[in-house]
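Structural characterization, general
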Amino acid sequence: MTRVPGWLLRHEVSIEPYLGTSAYGPRYGPAATARALVSATVKRVRDRTGAETVSTAQIIAAPDLNCPAGSRITLPDGRTTTALTVAHHTAPGLPVPASTEVMCE
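Described below are features of the structure shown in this document. (Residues numbered from 1 in each chain as written. Predicted model: local features only at pLDDT ≥ 70, side-chain atom pairs only at ≥ 80, totals over all residues. Heavy atoms only, no water.)

1. Section: the overall build of the protein
When its secondary structure is counted, the protein shows zero helices and ten strands. Listed N to C, the secondary structure of the protein is β-β-β-β-β-β-β-β-β-β in terms of helices and strands. The C-alpha atoms of the protein give a radius of gyration of 14 Å, which matches the 13 Å a tight globule of 105 residues would have. Principal-axis analysis of the C-alpha atoms gives the protein an extent of 45 × 25 × 25 Å. Here the protein, with 105 residues, has 37% of them falling under the buried criterion. Restricting the contact set of the protein to residue pairs at least 6 apart, pairs at least 24 apart contribute 50%. Only carbon and sulfur atoms are counted for the fraction: they give 54% of the accessible area of the protein, which is about 6,200 Å². The averaged location of the 8 negative side-chain charges in the protein is 2 Å from the averaged location of its 10 positive side-chain charges. (Helix = DSSP H or I, 4+ residues; strand = E, 2+ residues; numbered from the N terminus. Rg over C-alpha atoms; globule rule 2.2 N^0.38 Å. Buried < 20%, exposed > 50% of the residue type's maximum accessible area, 1.4 Å probe, protein only. Contact = heavy atoms within 4.5 Å. Areas by Shrake-Rupley, 256 points an atom, 1.4 Å probe, with all protein chains shown as cover. Lys, Arg positive; Asp, Glu negative; His and termini not counted. Charge placed at Lys NZ, Arg CZ, Asp CG, Glu CD.)

2. Comments concerning the layout of surface pockets
Quantified by volume, the largest pocket comes out at close to 150 Å³. In this structure, the largest pocket is lined by 13 residues; those nearest its centre are Ile15, Thr33, Ala34, Leu65 and Asn66. Residues that form the lining of the largest pocket fall into these classes: nine nonpolar, two polar and two charged. (1 Å grid on protein atoms, 1.4 Å probe; cavity = no way out; pocket = protein on both sides within 12 Å on 5 of 7 lines; lining within 4 Å. Points joined across faces, edges and corners; volume = space filled by probe spheres on them. Nonpolar A, V, L, I, M, F, W, Y, C, P; charged D, E, K, R; others polar.)

3. Focus: the nonpolar core
A general tendency of soluble globular proteins is for nonpolar side chains to be buried together. Core analysis: the largest hydrophobic core is formed by 15 residues, its most contacted members being Val13, Ile59, Leu65, Cys67, Ile73, Leu75 and Val102. Those elements giving two or more residues to this core turn out to be strand 1 (11-16), strand 4 (32-39), strand 7 (57-61) and strand 10 (99-104). Excluding residues that lie within four positions of it along the chain, Cys67 makes contacts with Ile15, Ile73, Ala83, Val86 and Val102. (Core = buried A, V, L, I, M, F, W, Y, C linked by side-chain atoms within 4.5 Å.)

4. Looking at the sheet that holds strand 9 (residues 80-89)
Pairing is antiparallel around the closed barrel formed by six strands, whose spatial order is 1-4-7-10-9-8. Strand after strand, the sheet turns through a mean of 45 degrees between neighbouring axes, direction not considered. Pairing between strand 8 (residues 72-74) and strand 9: three bridges, direction antiparallel. By the bridge assignment for strand 9, Thr74 is matched with Thr80. (Pairing = 2+ DSSP bridges. Axes fitted to C-alpha atoms, helices over the stretch in contact; angles between N-to-C directions.)

5. Here's the deal with the packing of aromatic side chains
In this structure the tally under the stated criterion is one aromatic pair. Stacked on the ring of Tyr18, the Lys or Arg Arg48 has its end atom at 4.7 Å from the ring centre. The ring of Tyr28 has Arg72 sitting right over it, with the charged end atom 4.0 Å from the ring centre. (Phe/Tyr/Trp six-rings, centres within 6.5 Å; stacked < 30°, edge-to-face > 60°. Lys NZ or Arg CZ within 6 Å of the ring centre and 35° of its normal.)

6. Side note on the pairing of strand 6 (residues 52-55)
Where strand 5 (residues 43-46) and strand 6 come together, four bridges link them in antiparallel fashion. By the bridge assignment, Arg44 is partnered in strand 6 with Val54.

Spelled out as structure tokens, the structure:
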């Protein structure tokens with residue numbers, strides 16, 4: 001299986017993976033940077049609870065991206081957002097690259 005080519009991933013994002021909630025609110029792991037392709041795309045999506053919401057950014061990254069729904073993401077323009085949905089795209093046996101798509105608040 002091929003991966004999304006690195007030369008397509010023109011941006012760098014910082015991701016703090018969502019670890020769950022505590023008595024004090026959401027908990028996040030240490031920040032890690034990842035190469036990605038970021039698009040300011042407004043779309044209507046369903047979040048992890050099934051509620052309909054609006055996404056204002058889409059991130060395409062490598063298939064091994066560690067970014068569960070609820071993660072805190074800092075985009076290249078400095079805006080901090082939250083991952084609404086995460087989709088891992090694979091197509092074994094087909095000539096298309098594997099990638100991870102993240103829709104952000």
